[in-house]
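Notes for the structure review
Chain by chain, the residues run as shown.
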Amino acid sequence: MNSSFIRPFRTLAVVLVALLATHSMAHSYRAGDIEVGHPWARPTVPGQRAGGAFLSLTNRGTSPDKLLSAASPVAASVELHTMTLEGNVMRMREVGAIDIPAGQNVKLQPGGLHIMFMGLKAPLKLGESVPMTLRFEKAGEVTVEVKVEMPQAENGAPAPGAHGDHKHQ
Ligand SMILES: [Cu+2]
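Here's what I pulled together on the structure shown here. (Residues numbered from 1 in each chain as written. Predicted model: local features only at pLDDT ≥ 70, side-chain atom pairs only at ≥ 80, totals over all residues. Heavy atoms only, no water.)

1. Structural notes on the overall build of the protein
In terms of regular secondary structure, the protein is built from two helices and eleven strands. Listing every helix and strand of the protein by position from the N terminus yields α-β-β-β-β-β-β-β-β-β-β-β-α. Across the 169 residues that make up the protein, the buried fraction comes to 34%. Contacts in the protein between residues at least 24 apart in sequence constitute 65% of all its contacts with a sequence separation of at least 6. (Helix = DSSP H or I, 4+ residues; strand = E, 2+ residues; numbered from the N terminus. Buried < 20%, exposed > 50% of the residue type's maximum accessible area, 1.4 Å probe, protein only. Contact = heavy atoms within 4.5 Å.)

2. A few points about unusual backbone geometry
Although it is not a glycine, histidine 38 adopts a positive phi angle of roughly 40°. In this structure, histidine 38 sits in strand S2 (residues 34-41). Residue histidine 38 is classed as partly exposed on the basis of its relative accessible area, which comes to 28%.

3. Regarding the coordination of the copper ion
Donor atoms from the polypeptide that coordinate the copper ion comprise His81 (ND1), Met92 (SD), His114 (NE2) and Met116 (SD), at 2.1 to 2.4 Å from the metal. All donors to the copper ion come from one chain, and their sequence spacing reads H-x10-M-x21-H-x1-M. Of the two residues, histidine 81 is situated in strand S5 (residues 75-86) and histidine 114 in strand S9 (residues 114-120); the sequence distance between them amounts to 33 residues. Of the two residues examined, histidine 81 and histidine 114, each falls in the buried class. (Donors = N, O, S within 2.8 Å, 3.2 Å for Na, K, Ca; no water.)

4. Digging into the pairing of S2
On any regular strand, side chains alternate: one points to one face of the sheet, the next to the other face. Among the eight residues of S2, six are classified as buried, and the element is accordingly described as predominantly covered. Here strand S1 (residues 28-31) runs beside S2; their pairing, made up of four bridges, is antiparallel. Looking at the pairing, alanine 31 lines up with isoleucine 34 of S2. Linking S1 to S2, which pair antiparallel, is a turn of two residues; within it glycine 32 sits at a positive phi near 55°. Where S2 meets strand S3 (residues 50-59), six bridges bridge the pair, whose relative direction is antiparallel. When the bridges of S3 are listed, tryptophan 40 appears paired with phenylalanine 54. (Pairing = 2+ DSSP bridges.)

These values are about where atoms sit, not about what they do.
Structure (structure tokens):
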């Protein structure tokens, strides 16, 4: 085989690798004016019925929108939740919708607004991705891949004093 035969294939391979790398780094989706950034979920253990999912919502448009609901084949239902401090206990509460003001970025993250898989059909395994469909009032629907991974803070070195002093469910 001479090099002029191999080269096109090598070029194609480089392009594919570049595309895959870009995709996994960006990991964002678009529905109309709404950009969905980095959907991820915590891994769950067998028997755990509920699991939290997180992402960022950026409204690139000039009118407000709302996240109305979410659905996934991995869960019996999917709820939109917020966390509120009652006394000194953090409690989750279902919300009807999540507002996304024009030009704003709304972060769904641990300790705040989040999406909750209810009635998980199987554990969410580290490294897997699961599909989830988001429905917006104006932007319509988009299906995203939710990556099952550890929270960023627990990804690298644990913060001083953060290790072992709290548990998630
Ligand atoms: Cu919740």
